[in-house]
Amino acid sequence: MKFALLVFLAGFLAKRIKEKNINNLHETLVPMGVILAVIAVVVIGLQKDLGTGLAIFGIVITMLYVAGLNKKFFLLAFGGIVVAALLFVFTSAHRLERVSTFFGSGGDKDTTGYHINQALIAVGSGGLTGKGLGRSVQAFGYLPEAANDSIFAIVAEKFGFVGTIIILLVFATLFLRLLRVMDTAGNEYQRLLVAGVFGWVFTHTVVNIGAMVGIFPLTGVTLPFLSFGGTSLLFIMMALGLAFHISRYTTHQRSNSEGEGGKPYEDRRGRRGIGRPRYAGSSRYQ
């Protein structure tokens, strides 16, 4: 559903931008609101999966922002999503319990607060360099979902502060690369596609890691590339493959800096052309 929504919204918003109707309430926000409402009811209401709902909302908000939606409408859309999320939280006993545990400083360590407290023990016990491979304690029966939603805590226990920083740097590099691809995309459709992929992976990463270190309430969101789960890995790889395929078709502007003799200096970006897409797969300058 996330992948299908990503492709659909990119085409939908790109068409609205081309028609100069991106800030038209009835042409843009109302249809999107109806689609999101149906998805929310199916995913969050019927399947009881708020984590996936958050990832979907992350995709939508990122794409709306990149599409240049009017600030007033953007705040309206963001506010509507927040209200919907709160509604789903307060109408579900287990979600309300998780939020109450979060604001109640961890809750009962043997019942409602067991998961988050065991996660924090795993993160804290890793120290600077971790306990090492095969020496995890929390992975063997103490920390729930150790291979899935709680994988970051296990990584912190095994590899310590140094290992988690390396993981965070790898994700930061990925996000910067996606932003670079988005900035040089050849048209609005491609730019919005990459923006949606960024929102998807970024939301999963931030929500998962934030939950494991006690910044956010616990929710069922996988950590890209590390959590166990073939379907999650497959579709995130498909989304990233789509984004990096787009990076082969880029648009750059000529540099304004000057070279020797006051002549305009043509750097690598300038050689690619001014404001036109170019296939970059076989470039001799790469």
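Bear in mind that the values here come from a model prediction, so they are computed numbers and not experimental data. (Residues numbered from 1 in each chain as written. Predicted model: local features only at pLDDT ≥ 70, side-chain atom pairs only at ≥ 80, totals over all residues. Heavy atoms only, no water.)

Asks: Run through the packing of helix α4 (residues 71-90) against helix α5 (residues 93-103), naming residues and quoting values.
Replies: At a minimum axis separation of 6 Å, α4 and α5 run at an interaxial angle of 105 degrees. With respect to α5, the element α4 is oriented roughly perpendicular. For the pair formed by α4 and α5, the contact residues are Phe 88, Val 89 and Phe 90 on the first element and Arg 95, Leu 96 and Val 99 on the second. The residue makeup of the contact of α4 with α5, split by class, is five nonpolar, no polar and one charged. (Axes fitted to C-alpha atoms, helices over the stretch in contact; angles between N-to-C directions. Helix = DSSP H or I, 4+ residues; strand = E, 2+ residues; numbered from the N terminus. Parallel < 35°, antiparallel > 145°, perpendicular 65-115°, else oblique. Contact = heavy atoms within 4.5 Å. Nonpolar A, V, L, I, M, F, W, Y, C, P; charged D, E, K, R; others polar.)

Asks: Provide a residue-level description of helix α1 (residues 2-18), including the pertinent values.
Replies: Spanning 17 residues, α1 covers 24 Å between terminal C-alpha atoms, matching the ideal 24 Å at 1.5 Å per step. Taken together, the buried positions of α1 are occupied by Lys 2, Leu 5, Leu 6, Leu 9, Ala 10, Phe 12, Leu 13, Ala 14 and Arg 16. Where α1 is buried, its residues contact α2 (25-46), α3 (50-66) and α8 (188-212). Backbone geometry just after α1 places Lys 20 at a positive phi near 60 degrees. (Expected span 1.5 Å × (residues − 1). Buried < 20%, exposed > 50% of the residue type's maximum accessible area, 1.4 Å probe, protein only.)

Asks: An account of unusual backbone geometry is needed here, citing residue identities and associated values.
Replies: At Lys 20, a residue that is not glycine, the phi angle is positive and equals roughly 60 degrees. Assignment of secondary structure puts Lys 20 in the loop between α1 and α2. Of note, Lys 48 is a non-glycine position whose phi angle comes to about 55 degrees, a positive value.

Asks: Account for the nonpolar core, with residues named and values stated.
Replies: Core analysis: the biggest nonpolar cluster contains 68 residues, and Leu 13, Met 63, Leu 64, Leu 178, Leu 192 and Val 197 have the highest contact counts within it. Those elements that place two or more of their residues in this core are α1, α2, α3, α4, α6 (114-125), α7 (151-183), α8 and α9 (230-246). A total of twelve residues in this core trace back to one element, the largest contributor, which is α7. With residues near it in sequence (within four places) discarded, Leu 178 still touches Val 194, Val 197, Phe 198, Leu 240, Ala 243 and Phe 244. (Core = buried A, V, L, I, M, F, W, Y, C linked by side-chain atoms within 4.5 Å.)

Asks: For the pattern of salt bridges, give the residues involved together with the corresponding values.
Replies: In the structure shown here, the tally under the stated rule is three salt bridges. Arg 191 serves as the salt-bridge partner of Glu 188, at 2.5 Å between the closest nitrogen and oxygen. Note that Glu 188 and Arg 191 are positioned in helix α8 at a spacing of three residues, about one turn of the helix. Judged by relative accessible area, Glu 188 falls into the partly exposed class, the value being 30%. By relative accessible area, Arg 191 is classed as partly exposed at 23%. (Salt bridge = Lys/Arg side-chain N within 4 Å of Asp/Glu carboxyl O.)

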